[in-house]
Amino acid sequence: MFYTCRTKLKSNFCIQFVRKLCEESSQLHLKSKYDVVIIGGGHNGLVAAAYLAKAGAKVCVLERRYLLGGAAVTEEIIPGFKFSRASYVLSLLRPQIYSDLNLKEHGLKVYLRDPYSYTPLREHFWKSTQAKSLTLSRNHLKNQEEIAKFSNKDAQVYQKYEELLSRLVDAVEPLMDISPHSLMNTLDQPSAWGKTLSAWNNSSNLTELVKIVFKMGKDIRPLYELMTASPKKVLNRWFESEPLRATLATDALIGTMACTDTPGVGYVLLHHVMGGVEGVKGAWAYPEGGMGAVSAAIATSARSFGAELYTDQMVTAIKTDSSGAAVGVVTSSGIEVDARLVLSNATPAATLSLLPPGTLSEETTSALQAIQYESPVTKINVALSRIPQFLANPTASSDRVMPHHHATIHLNCENCDIVDEAYRDAQRGVLPTRPMIEMVLPSSLDPTLAPPGAHVCLLFTQFTPYHLAGGRVWDTMVREEYAQMVFDCIEEYAPGFKSSVVGKEVLAPPDLEHIFGLSGGNIFHGAMTMDQIFLSRPLASGSASPMTPVERLLLCGSGAHPGGGVTGAPGRLAALEAINMLKL
């Protein structure tokens, strides 16, 4: 990790947070036996703990870091500035989790974003005095006006494109709440008609799956194309404006080592439009206090039901009995915790490393090792003395917050070729000279994150290889080099940005792996390509998610169905399976 700051680092926020956690934990004592032990206190592990405790299970969560939340945390890494250190915006958390766990009552407050997307262009890409930027919002008429600056044709068809995506999401979204294990159990029933009809009547998962197929109707063909074709092929068929194409393509490429010509990455695009906040379909929001507030609300809910949550408890091994079934865990301090079930919020690769040698067959081990974890992401957290002002949409006052500051700001997205060139750089093992940048400024809506007039800037950048060519490694010098490349790019869009930087933190793929336990730095716990989703997540054969080849060991993290993002769905599905196994 690379960190720089113009002021002395003294994180009062972190100190107070740790003290609060210690006070809460001091009232509890880690016992030697529970119904369920959960490895990792990421948001999915906390969701699982809350559901299990609510059902009456005795459950504990063991988190290796000093705070709960995994990648959904808030940390004051620069004095006075509170950062959503890894994940940074909320939309995908499943609606039933809000209500089942009473998250609003437990303090979760959000700021809805509108507009949601802003793509400024560099000066030599300006088409006219008007066509300098593209802003997209929930207002269809405004979107038409914005897109018409670049293409009248695109302005007319954009709403049809959004309506198609909305129908596809309506049809496919229920898959997020279907357990592949339960579905496969139903399909594995004997084929006699009577037993099949009985299984049908007793399987809400199978019924839901059939509903999905029939609901799609004629839209099943565009869905198939979206899932199998490249983003460029799909978008070129709809649109002619490059800024619009490139902006929309980023939704398919986020967190994925792929370019706009790569087939089979379209599901990521759908995955990112499946959410909603405050009853607004597809909306994205900033949680007040950062993403850590989401985890804190879930943790508070879990505690209210009786779950025990422990920090600074690193699990170093999963215990198995003579039959190979999971029976508990061992921590780094030598504490042994027995349990009827073990749930792992860690990645499949990290979970595999905790098992005794020889637990799994060579075939299963090889399949697990073949999971694709390659990550293109480097996250840069920046403290700013003032809000960035963009040449494409200047304001009279340098400190005035404009609506476009609320949105995800897409830089180096004038056309798909720029995005693809960054990908090609990564494939050669070099730092991209013009990376794909998503900038968000949550303090433009949430005043709790930064001192008055100052701002928190979160940069989600691609494409950066984990392994660099020429024997280079992600050391302090390389991190500084890359940060300056990113800042130089931003300076072209927003002159004065570099002089406003108070401090920064650069989290390259190895840092995301080391700090947050993300194998390969992959934010999804494994790529979400067609061969690694639904029935093939995490493996295409053997036990279906959330089950694992090890009896009584379940995956509850993003490496299980339905994958990454702050959805809570893997945790909920694992908990429901565990509740059934425990017969609670």
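Further up the page is the structure itself.
Note on numbering: residues in each chain are counted from 1, in written sequence order. Where local features are concerned, this predicted model is filtered to residues with pLDDT of at least 70; where side-chain atom pairs are given and counted, the filter is 80 or more; whole-chain, interface and lining totals use all residues. Only hydrogens and water are set aside when side-chain values are computed; all heavy atoms of the structure are taken into account.

Q: Mind showing me how you'd approach helix α13 (residues 292–304) here?
A: Because an α-helix packs 3.6 residues into every turn, residues spaced three or four apart end up facing the same way. The end-to-end C-alpha distance of α13 is 18 Å, a good match for the 18 Å that 13 residues give at a rise of 1.5 Å each. Buried residues of α13: G292, A293, V294, S295, A297, I298, A299, S301 and A302, and no others. Residue contacts follow a heavy-atom distance rule, with two residues in contact if any of their heavy atoms lie within 4.5 Å. Put simply, DSSP H or I for four residues or longer makes a helix, DSSP E for two residues or longer makes a strand, and each gets a number counted from the N terminus. Looking at the buried residues of α13, the elements they touch are α2 (43–54), β4 (74–78), β11 (285–287) and β12 (308–310). Just beyond α13, the residue with positive phi is G306, at close to 110 degrees. To estimate how far a helix should reach, multiply one less than its number of residues by 1.5 Å. Buried residues are those whose accessible area, probed at 1.4 Å on protein chains only, stays under 20% of the maximum for their type, while exposed residues exceed 50% and partly exposed ones sit between those limits.

Q: Looking at this model, I keep getting lost on the pairing of strand β19 (residues 455–462). Mind explaining?
A: The side chains of a regular strand alternate, residue by residue, between the two faces of the sheet. Among the 8 residues of β19, 8 are classified as buried, and the element is accordingly described as predominantly covered. Neither face of β19 is open: one carries H455, C457, L459 and T461, the other V456, L458, F460 and Q462, and all of them are buried. Whether two strands pair comes down to DSSP finding at least two bridges between them. As paired strands, strand β18 (residues 436–440) and β19 are joined by 5 bridges and run antiparallel to one another. Note on β19: the bridge partner recorded for E438 is F460.

Q: Can you help me understand the packing of helix α4 (residues 140–148) against helix α5 (residues 152–172) in this one?
A: Packed helix pairs are characterised by how far apart their axes lie and by the angle those axes make with each other. Only the stretch in contact is used when fitting a helix axis, every axis being a line fitted to C-alpha atoms; angles between N-to-C directions are given from 0 to 180 degrees. Running from N to C, α4 and α5 cross one another at 145 degrees; their axes reach a closest spacing of 7 Å. In terms of crossing hand, the pair formed by α4 and α5 is right-handed. Along its contact with α4, which presents H140, N143, Q144, I147 and A148, the element α5 presents N152, D154, A155, Q156, Y158, Q159 and E162. Note on residue classes: Ala, Val, Leu, Ile, Met, Phe, Trp, Tyr, Cys and Pro are nonpolar, Asp, Glu, Lys and Arg are charged, and everything else, Gly too, is polar. Residues that form the contact of α4 with α5 fall into these classes: 4 nonpolar, 6 polar and 2 charged. Left-handed describes a crossing whose near helix is turned anticlockwise from the far helix by less than a right angle; the clockwise case is right-handed.

Q: Is there a simple way to explain the side chain of D154 in this structure?
A: Structurally, D154 can be placed in helix α5. Residue classification places D154 among the buried residues on the basis of a relative accessible area of 0%. In contact with D154, other than residues within four places in its own chain, are I147, W238, F239, E240, S241 and L244.

Q: Is there a simple way to think about the nonpolar core in this case?
A: Generally speaking, soluble globular proteins have nonpolar side chains that are buried together. Buried Ala, Val, Leu, Ile, Met, Phe, Trp, Tyr and Cys residues form a nonpolar core when they are joined through side-chain atoms within 4.5 Å. If you look at the biggest cluster of nonpolar residues, it comprises 44 residues, and the most contacted ones within it are I38, L52, L103, L309 and L343. If you list the elements that add at least two residues to this core, you get β2 (33–39), α2, β3 (59–62), α3 (95–100), α13, β15 (336–344) and α19 (569–582). Per element, the largest residue contribution to this core is 8 residues, and it comes from α2.

Q: How should the packing of aromatic side chains be read in this particular structure?
A: Given two aromatic rings, their pairing is described by the distance between the two centres and the angle made by the two planes. Aromatic contacts are taken between Phe, Tyr and Trp rings whose centres are within 6.5 Å, Trp giving its six-membered ring; a plane angle under 30 degrees counts as stacked, one over 60 as edge-to-face, and the others as tilted. Within the structure shown, the criterion is met by 10 aromatic pairs. Pairing W474 with Y482 gives two aromatic rings, centres 6.1 Å apart and planes at 90 degrees, and the pair type is edge-to-face. Classification of W474 by relative accessible area gives buried; the value is 6%. Taken together, the ring pairs connect Y158, Y161, W238 and F239 into an aromatic cluster. When the NZ atom of lysine or the CZ atom of arginine is within 6 Å of a ring's centre and also within 35 degrees of its normal, the charge is said to sit over that ring. Looking at K132, its charged tip hangs above the ring of W126, at a distance of 4.4 Å from the centre.

Q: Help me out: how do you make sense of the packing of α2 against α13 in this one?
A: Contact pair α2 / α13: the axes reach a minimum separation of 8 Å and the direction vectors enclose 25 degrees. With respect to α13, the element α2 is oriented roughly parallel. Once α2 is placed against α13, the crossing between them reads as left-handed. Here H43, L46, V47, A49, A50 and A53 of α2 come into contact with α13, specifically with S295, I298, A299, S301 and A302. When grouped by side-chain class, the residues that make up the contact of α2 with α13 number 8 nonpolar, 3 polar and no charged. Throughout, the term roughly parallel applies to angles under 35 degrees, roughly antiparallel to angles over 145, roughly perpendicular to angles from 65 to 115, and oblique to all others.

Keep in mind these numbers describe shape, not what the thing actually does.
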